Amino acid sequence: MKILITSKSFGRYAPEALAFLEKSGFEIIRGSKPSMTPDEIAAEVHDVDALIVGNDIIDKKVIDAGTSLKLIHMNGTGLDGIDVDYATRKGILVANAPGANRNAVAELAVGLMLVSARSIDAHIDLMRQGKWERSAGAEISGKTVGFLGLGNIGKRVAELLSGFGIRALAYDPQPDVAWASAHGVALVDNIEGIFTQADFLILALPFNEKTRNIVNRESLAMMKPTARIINTARGGLIDEAALCEAIKGKKIAGAALDAYSEEPLPLASPLRMPGITLTPHMAATSIETAINMSWIVARNIVDILTRGNIDSAVNKERLAGAK
(Lines give C-alpha, C1' and ligand atoms only; values in the text may rest on other atoms or scores of the structure.)
Protein backbone atom coordinates (compact mmCIF):
# COMPACT_ATOMS: atom_id res chain seq x y z
CA MET A 1 0.00 0.00 0.00
CA LYS A 2 1.08 3.55 -0.73
CA ILE A 3 1.10 6.59 1.56
CA LEU A 4 1.35 10.13 0.18
CA ILE A 5 2.77 12.59 2.72
CA THR A 6 2.09 16.29 2.23
CA SER A 7 2.79 17.24 5.86
CA LYS A 8 6.17 18.96 6.06
CA SER A 9 6.81 17.92 9.67
CA PHE A 10 5.81 14.25 9.59
CA GLY A 11 8.89 12.14 10.30
CA ARG A 12 11.26 15.13 10.41
CA TYR A 13 12.26 14.47 14.02
CA ALA A 14 11.13 10.85 14.13
CA PRO A 15 12.67 8.97 11.18
CA GLU A 16 11.98 5.81 13.15
CA ALA A 17 8.25 6.37 12.59
CA LEU A 18 8.83 6.43 8.84
CA ALA A 19 10.94 3.30 9.10
CA PHE A 20 8.14 1.67 11.10
CA LEU A 21 5.67 2.32 8.27
CA GLU A 22 8.08 0.95 5.67
CA LYS A 23 8.73 -2.18 7.74
CA SER A 24 4.97 -2.60 8.01
CA GLY A 25 4.78 -2.87 4.22
CA PHE A 26 3.96 0.68 3.12
CA GLU A 27 5.55 2.56 0.24
CA ILE A 28 6.24 6.17 1.27
CA ILE A 29 5.76 8.96 -1.28
CA ARG A 30 6.54 12.56 -0.44
CA GLY A 31 4.52 15.35 -2.03
CA SER A 32 6.39 17.01 -4.88
CA LYS A 33 6.38 20.46 -3.22
CA PRO A 34 6.76 21.66 0.39
CA SER A 35 3.38 23.45 0.24
CA MET A 36 0.72 22.12 -2.09
CA THR A 37 -2.59 23.45 -3.35
CA PRO A 38 -5.64 21.15 -3.52
CA ASP A 39 -5.15 20.87 -7.29
CA GLU A 40 -1.53 19.80 -6.83
CA ILE A 41 -2.46 17.21 -4.19
CA ALA A 42 -5.27 15.92 -6.41
CA ALA A 43 -2.74 15.32 -9.19
CA GLU A 44 -0.66 13.05 -6.94
CA VAL A 45 -3.24 11.22 -4.81
CA HIS A 46 -4.94 9.07 -7.44
CA ASP A 47 -3.32 5.70 -6.62
CA VAL A 48 -2.48 6.00 -2.90
CA ASP A 49 -4.17 4.23 -0.02
CA ALA A 50 -3.49 6.80 2.71
CA LEU A 51 -2.78 10.51 2.87
CA ILE A 52 -0.87 12.19 5.72
CA VAL A 53 -1.61 15.91 5.68
CA GLY A 54 -0.61 19.01 7.60
CA ASN A 55 -2.15 22.46 7.10
CA ASP A 56 -3.46 21.42 3.69
CA ILE A 57 -6.89 21.86 2.16
CA ILE A 58 -8.37 18.44 1.47
CA ASP A 59 -11.54 19.26 -0.43
CA LYS A 60 -13.93 17.35 -2.69
CA LYS A 61 -11.55 17.59 -5.63
CA VAL A 62 -8.75 15.89 -3.69
CA ILE A 63 -11.07 13.25 -2.26
CA ASP A 64 -12.59 12.47 -5.67
CA ALA A 65 -9.10 12.18 -7.17
CA GLY A 66 -8.09 9.65 -4.50
CA THR A 67 -9.74 6.69 -6.16
CA SER A 68 -7.82 4.20 -3.97
CA LEU A 69 -7.95 6.36 -0.84
CA LYS A 70 -8.96 4.57 2.36
CA LEU A 71 -7.62 6.93 5.02
CA ILE A 72 -6.85 10.63 5.45
CA HIS A 73 -4.74 11.23 8.54
CA MET A 74 -4.07 14.70 9.92
CA ASN A 75 -0.57 15.12 11.32
CA GLY A 76 -2.04 17.21 14.12
CA THR A 77 -5.38 17.76 15.79
CA GLY A 78 -7.36 20.34 13.79
CA LEU A 79 -9.58 18.93 11.05
CA ASP A 80 -11.01 22.17 9.67
CA GLY A 81 -8.92 21.83 6.49
CA ILE A 82 -10.43 18.41 5.68
CA ASP A 83 -13.94 17.93 4.29
CA VAL A 84 -14.73 15.15 6.77
CA ASP A 85 -18.39 14.96 5.74
CA TYR A 86 -17.55 14.36 2.09
CA ALA A 87 -14.80 11.86 2.95
CA THR A 88 -17.32 9.95 5.06
CA ARG A 89 -19.83 9.90 2.21
CA LYS A 90 -17.09 8.44 0.00
CA GLY A 91 -16.33 5.74 2.59
CA ILE A 92 -12.93 7.17 3.56
CA LEU A 93 -11.77 7.12 7.18
CA VAL A 94 -10.37 10.33 8.73
CA ALA A 95 -8.10 10.39 11.77
CA ASN A 96 -6.04 12.87 13.75
CA ALA A 97 -3.60 12.91 16.68
CA PRO A 98 -5.44 14.42 19.66
CA GLY A 99 -3.33 15.15 22.70
CA ALA A 100 0.04 14.99 20.95
CA ASN A 101 0.46 18.76 21.06
CA ARG A 102 -1.26 19.49 24.38
CA ASN A 103 1.84 20.38 26.34
CA ALA A 104 3.41 22.53 23.62
CA VAL A 105 0.21 24.51 23.03
CA ALA A 106 -0.45 24.91 26.75
CA GLU A 107 3.09 26.13 27.44
CA LEU A 108 2.81 28.75 24.70
CA ALA A 109 -0.56 29.89 26.09
CA VAL A 110 1.02 30.45 29.50
CA GLY A 111 3.98 32.18 27.88
CA LEU A 112 1.69 34.51 25.93
CA MET A 113 -0.18 35.34 29.13
CA LEU A 114 3.07 36.51 30.71
CA VAL A 115 4.18 38.38 27.60
CA SER A 116 0.86 40.17 27.27
CA ALA A 117 0.45 40.95 30.97
CA ARG A 118 3.91 42.54 31.26
CA SER A 119 4.20 43.88 27.68
CA ILE A 120 7.41 41.89 27.36
CA ASP A 121 7.46 42.02 23.56
CA ALA A 122 7.03 45.79 23.52
CA HIS A 123 9.87 46.22 26.04
CA ILE A 124 12.15 43.96 24.01
CA ASP A 125 11.49 46.13 20.95
CA LEU A 126 12.33 49.27 22.95
CA MET A 127 15.60 47.74 24.15
CA ARG A 128 16.54 46.84 20.58
CA GLN A 129 15.97 50.48 19.67
CA GLY A 130 18.41 51.51 22.40
CA LYS A 131 15.68 52.86 24.67
CA TRP A 132 15.43 52.35 28.42
CA GLU A 133 11.71 52.69 29.08
CA ARG A 134 9.39 50.81 31.40
CA SER A 135 5.64 50.57 31.86
CA ALA A 136 3.79 48.85 34.69
CA GLY A 137 2.19 45.55 33.81
CA ALA A 138 -0.16 43.14 35.53
CA GLU A 139 0.54 39.95 37.47
CA ILE A 140 -1.11 36.60 36.84
CA SER A 141 -1.08 35.42 40.45
CA GLY A 142 -4.45 35.66 42.14
CA LYS A 143 -6.29 36.55 38.93
CA THR A 144 -9.39 34.89 37.49
CA VAL A 145 -8.59 32.85 34.38
CA GLY A 146 -11.58 31.91 32.26
CA PHE A 147 -11.40 28.93 29.93
CA LEU A 148 -13.59 28.57 26.88
CA GLY A 149 -13.04 24.88 26.33
CA LEU A 150 -11.67 22.40 28.85
CA GLY A 151 -10.40 19.58 26.67
CA ASN A 152 -6.85 18.24 26.46
CA ILE A 153 -5.24 21.66 26.04
CA GLY A 154 -7.49 23.63 28.39
CA LYS A 155 -6.84 21.10 31.12
CA ARG A 156 -3.08 21.28 30.62
CA VAL A 157 -3.10 25.09 30.76
CA ALA A 158 -5.04 24.91 34.03
CA GLU A 159 -2.48 22.44 35.42
CA LEU A 160 0.44 24.67 34.47
CA LEU A 161 -1.24 27.74 35.98
CA SER A 162 -2.07 26.05 39.28
CA GLY A 163 1.23 27.23 40.76
CA PHE A 164 0.22 30.86 40.18
CA GLY A 165 -2.66 30.62 42.63
CA ILE A 166 -5.25 31.59 40.06
CA ARG A 167 -9.02 31.25 40.29
CA ALA A 168 -10.00 29.05 37.35
CA LEU A 169 -13.43 29.15 35.69
CA ALA A 170 -14.39 27.10 32.66
CA TYR A 171 -17.19 26.66 30.19
CA ASP A 172 -17.27 23.54 28.06
CA PRO A 173 -20.24 22.08 26.15
CA GLN A 174 -19.38 18.63 27.52
CA PRO A 175 -17.42 19.27 30.71
CA ASP A 176 -15.34 16.67 32.51
CA VAL A 177 -16.95 17.32 35.87
CA ALA A 178 -14.76 14.89 37.81
CA TRP A 179 -11.52 16.36 36.42
CA ALA A 180 -12.63 19.94 37.06
CA SER A 181 -13.56 19.13 40.65
CA ALA A 182 -10.27 17.34 41.30
CA HIS A 183 -8.24 20.26 39.90
CA GLY A 184 -10.14 23.14 41.47
CA VAL A 185 -11.69 24.43 38.25
CA ALA A 186 -15.17 25.90 38.73
CA LEU A 187 -17.53 25.06 35.86
CA VAL A 188 -20.08 27.66 34.76
CA ASP A 189 -23.33 26.86 33.00
CA ASN A 190 -23.31 29.77 30.57
CA ILE A 191 -20.62 31.42 28.53
CA GLU A 192 -21.49 34.90 29.77
CA GLY A 193 -20.09 33.99 33.19
CA ILE A 194 -16.65 33.52 31.63
CA PHE A 195 -16.68 36.81 29.73
CA THR A 196 -17.82 38.90 32.69
CA GLN A 197 -15.41 37.45 35.27
CA ALA A 198 -12.18 36.64 33.43
CA ASP A 199 -9.02 38.67 33.89
CA PHE A 200 -7.44 36.38 31.32
CA LEU A 201 -9.58 34.56 28.74
CA ILE A 202 -8.07 31.35 27.34
CA LEU A 203 -9.55 30.11 24.07
CA ALA A 204 -9.23 26.33 23.82
CA LEU A 205 -12.18 25.43 21.60
CA PRO A 206 -12.35 23.71 18.21
CA PHE A 207 -13.44 25.88 15.30
CA ASN A 208 -16.85 25.14 13.82
CA GLU A 209 -20.05 26.97 12.98
CA LYS A 210 -21.09 27.04 16.64
CA THR A 211 -17.81 28.59 17.80
CA ARG A 212 -17.21 30.95 14.85
CA ASN A 213 -16.69 34.50 16.22
CA ILE A 214 -17.55 33.37 19.73
CA VAL A 215 -15.53 36.42 20.78
CA ASN A 216 -17.47 39.28 19.21
CA ARG A 217 -18.63 42.83 19.92
CA GLU A 218 -21.30 41.66 22.35
CA SER A 219 -19.03 39.35 24.32
CA LEU A 220 -16.16 41.84 24.34
CA ALA A 221 -18.52 44.46 25.79
CA MET A 222 -19.10 42.14 28.78
CA MET A 223 -15.41 41.93 29.68
CA LYS A 224 -13.41 43.89 32.23
CA PRO A 225 -11.35 46.80 30.87
CA THR A 226 -8.28 45.11 32.39
CA ALA A 227 -8.97 41.74 30.72
CA ARG A 228 -6.70 40.07 28.18
CA ILE A 229 -7.50 37.37 25.60
CA ILE A 230 -5.13 34.49 24.77
CA ASN A 231 -5.82 32.48 21.62
CA THR A 232 -3.67 29.49 20.71
CA ALA A 233 -6.59 27.64 19.10
CA ARG A 234 -8.12 28.90 15.82
CA GLY A 235 -8.40 32.39 14.37
CA GLY A 236 -12.05 32.05 13.42
CA LEU A 237 -13.01 32.03 17.08
CA ILE A 238 -12.52 35.81 17.21
CA ASP A 239 -14.18 38.65 15.31
CA GLU A 240 -10.84 40.32 14.63
CA ALA A 241 -12.29 43.71 13.67
CA ALA A 242 -14.27 43.80 16.91
CA LEU A 243 -11.15 42.85 18.89
CA CYS A 244 -9.15 45.70 17.37
CA GLU A 245 -11.95 48.16 18.15
CA ALA A 246 -12.17 46.92 21.74
CA ILE A 247 -8.44 47.36 22.35
CA LYS A 248 -8.28 50.76 20.65
CA GLY A 249 -11.28 51.89 22.69
CA LYS A 250 -9.75 50.49 25.90
CA LYS A 251 -12.73 48.15 26.38
CA ILE A 252 -10.18 45.43 27.17
CA ALA A 253 -6.46 45.69 27.94
CA GLY A 254 -5.02 43.52 25.19
CA ALA A 255 -4.67 40.17 23.49
CA ALA A 256 -2.05 37.60 22.51
CA LEU A 257 -2.81 35.63 19.36
CA ASP A 258 -1.23 32.63 17.68
CA ALA A 259 -4.00 31.91 15.15
CA TYR A 260 -5.80 34.09 12.62
CA SER A 261 -8.72 34.03 10.21
CA GLU A 262 -6.24 34.47 7.35
CA GLU A 263 -2.83 32.81 7.47
CA PRO A 264 -0.11 33.85 6.95
CA LEU A 265 -1.22 37.09 8.59
CA PRO A 266 -1.24 39.85 5.93
CA LEU A 267 1.29 42.62 6.38
CA ALA A 268 -1.54 45.18 6.35
CA SER A 269 -3.61 43.35 8.98
CA PRO A 270 -5.12 45.72 11.59
CA LEU A 271 -4.11 43.14 14.20
CA ARG A 272 -0.55 44.48 13.90
CA MET A 273 -1.22 47.15 16.49
CA PRO A 274 -0.09 48.08 20.00
CA GLY A 275 -1.74 45.93 22.64
CA ILE A 276 -1.78 42.75 20.57
CA THR A 277 1.05 40.21 20.79
CA LEU A 278 1.36 38.12 17.63
CA THR A 279 3.06 34.78 16.99
CA PRO A 280 2.97 32.80 13.69
CA HIS A 281 0.66 29.86 14.61
CA MET A 282 3.59 28.17 16.34
CA ALA A 283 1.83 26.71 19.39
CA ALA A 284 2.27 23.08 18.37
CA THR A 285 5.73 23.64 16.87
CA SER A 286 8.01 21.81 19.24
CA ILE A 287 10.38 18.92 18.66
CA GLU A 288 8.59 16.84 21.28
CA THR A 289 5.21 17.42 19.63
CA ALA A 290 6.56 16.52 16.19
CA ILE A 291 7.93 13.23 17.54
CA ASN A 292 4.71 12.41 19.39
CA MET A 293 2.55 13.17 16.35
CA SER A 294 4.65 11.17 13.93
CA TRP A 295 4.44 8.08 16.12
CA ILE A 296 0.71 8.45 16.79
CA VAL A 297 0.01 8.83 13.06
CA ALA A 298 2.25 5.92 12.07
CA ARG A 299 0.72 3.55 14.62
CA ASN A 300 -2.81 4.62 13.71
CA ILE A 301 -2.17 3.94 10.03
CA VAL A 302 -0.83 0.46 10.75
CA ASP A 303 -3.76 -0.26 13.09
CA ILE A 304 -6.34 0.92 10.58
CA LEU A 305 -4.99 -0.38 7.30
CA THR A 306 -3.26 -3.60 8.32
CA ARG A 307 -5.13 -4.68 11.46
CA GLY A 308 -8.60 -3.33 10.75
CA ASN A 309 -8.71 -1.45 14.06
CA ILE A 310 -10.49 1.84 13.27
CA ASP A 311 -10.85 3.10 16.85
CA SER A 312 -8.70 6.16 16.11
CA ALA A 313 -10.87 7.34 13.19
CA VAL A 314 -13.04 10.36 13.98
CA ASN A 315 -15.80 9.22 11.62
CA LYS A 316 -15.84 5.51 12.51
CA GLU A 317 -19.39 5.55 13.94
CA ARG A 318 -20.82 7.29 10.88
CA LEU A 319 -19.12 4.89 8.52
CA ALA A 320 -20.21 1.91 10.58
CA GLY A 321 -23.80 3.24 10.52
CA ALA A 322 -23.66 3.70 6.77
CA LYS A 323 -22.65 0.08 6.34
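Conventions we followed
- Residues numbered from 1 in each chain as written.
- Predicted model: local features only at pLDDT ≥ 70, side-chain atom pairs only at ≥ 80, totals over all residues.
- Heavy atoms only, no water.
- Helix = DSSP H or I, 4+ residues; strand = E, 2+ residues; numbered from the N terminus.
- Rg over C-alpha atoms; globule rule 2.2 N^0.38 Å.
- Buried < 20%, exposed > 50% of the residue type's maximum accessible area, 1.4 Å probe, protein only.
- Contact = heavy atoms within 4.5 Å.
- Areas by Shrake-Rupley, 256 points an atom, 1.4 Å probe, with all protein chains shown as cover.
- Core = buried A, V, L, I, M, F, W, Y, C linked by side-chain atoms within 4.5 Å.
- Pairing = 2+ DSSP bridges.
- Right-handed = clockwise from strand over helix to strand, strands pointing away.
- Expected span 1.5 Å × (residues − 1).
- Axes fitted to C-alpha atoms, helices over the stretch in contact; angles between N-to-C directions.
- Parallel < 35°, antiparallel > 145°, perpendicular 65-115°, else oblique.

Some words on the overall build of the protein
Next, step 1: When helices and strands are counted, the protein shows 13 helices and 12 strands.
Next, step 2: Taken against the 2.2 N^0.38 rule, which gives 20 Å for 323 residues, the C-alpha radius of gyration of the protein at 21 Å falls within 12% of a compact globule.
Next, step 3: Expressed as a percentage of its 323 residues, the buried residues of the protein come to 47%.
Next, step 4: A separation threshold of at least 6 residues defines the contact pool for the protein, and within that pool the share at least 24 residues apart is 61%.
Next, step 5: Accessible surface computed for the protein: about 15,600 Å², of which carbon and sulfur atoms make up 52%.

Thoughts on the nonpolar core
Next, step 1: The biggest cluster of nonpolar side chains holds 32 residues, and the ones touching the most others in it are Leu148, Leu201, Val215, Leu220, Ile229 and Leu243.
Next, step 2: Of the residues forming this core, the biggest block, five residues, is contributed by helix H11 (residues 240-248).
Next, step 3: Those residues in contact with Leu148 that sit more than four places away from it in its chain are Tyr171, Ile191, Ile194, Phe195, Leu201, Ile202, Leu203, Ala204, Leu205 and Ile214.

Some remarks on the pairing of strand S11 (residues 254-257)
The side chains of a regular strand alternate, residue by residue, between the two faces of the sheet.
Next, step 1: Covered by surrounding structure in S11 are Gly254 and Ala256 together with Ala255 and Leu257, the residues of both alternating faces.
Next, step 2: Pairing of strand S10 (residues 228-231) with S11 involves four bridges; the strand directions are parallel. Residue pairing in the sheet places Ile230 in a bridge with Ala256 of S11.
Next, step 3: One crossover worth recording links S10 to the parallel S11 by way of H11, and it is right-handed.
Next, step 4: With three bridges joining them, S11 and strand S12 (residues 276-278) adopt parallel strand pairing. Residue pairing in the sheet places Leu257 in a bridge with Leu278 of S12.

Describing the environment of Ala43
Next, step 1: Here Ala43 shows up in the loop between helix H2 (38-42) and strand S3 (50-53).
Next, step 2: Along the sequence, Ala43 and Ala17 sit 26 residues apart, while their C-alpha atoms lie 26 Å from each other.

Observations regarding helix H12 (residues 287-307)
Next, step 1: Taking 1.5 Å of rise per residue, 21 residues should cover 30 Å, and H12 covers 29 Å from first to last C-alpha, within 8% of that figure.
Next, step 2: Buried within H12 are the following residues: Thr289, Ala290, Met293, Ser294, Val297, Ala298, Asn300, Ile301, Val302, Ile304 and Leu305.
Next, step 3: The elements touched by buried residues of H12 are strand S1 (2-5), helix H1 (15-23), S3, strand S4 (71-74), strand S5 (93-95) and helix H5 (102-118).
Next, step 4: The positive-phi residue at the C-terminal boundary of H12 is Gly308, with phi of around 70 degrees.

A short note on the sheet that holds strand S9 (residues 200-203)
Next, step 1: Taken in spatial order, the seven strands make up an open sheet running S8-S7-S6-S9-S10-S11-S12, and their pairing is parallel. Edge positions in the open sheet fall to strand S8 (185-187) and S12, since each of these has one partner strand only. Ignoring which end each strand starts from, the neighbouring axes of this sheet average 20 degrees apart.
Next, step 2: Note that strand S7 (residues 167-171) and S8 share three bridges and pair parallel. For Ala170, the partnering residue across the bridge sits in S8 and is Leu187.
Next, step 3: Against the sheet, H11 makes contact with S10, S11 and S12, and its axis sits at roughly 140 degrees relative to S11, the strand it touches most.

Quick notes on the sheet that holds S1
Next, step 1: Spatially, S2-S1-S3-S4-S5 is the arrangement adopted by the five strands of the open sheet, whose pairing is parallel. Strands with a single pairing partner mark the edges of an open sheet, and in this sheet they are strand S2 (27-30) and S5. On average, each strand axis in the sheet is tilted by 20 degrees relative to the strand beside it, whichever way the strands run.
Next, step 2: Here four bridges tie S3 to S4, and the two strands are oriented parallel to one another. Within S4, the position partnered with Val53 by the bridge is Met74.
Next, step 3: Strands S1, S2 and S3 of the sheet are contacted by H1, whose axis makes an angle of about 130 degrees with S2.
Next, step 4: Strands in contact with H12 are S1, S3, S4 and S5; relative to S4, the strand with the most contacts, it is inclined by about 160 degrees.

Here's the deal with the packing of H1 against H12
Next, step 1: Axis separation between H1 and H12 bottoms out at 9 Å; the angle between their running directions is 10 degrees. Here H1 is positioned roughly parallel relative to H12, judged by the angle of their axes. Together, Glu16, Ala17, Phe20 and Leu21 of H1 and Ser294, Trp295, Ala298, Arg299, Ile301 and Val302 of H12 make up the contact between the two elements.

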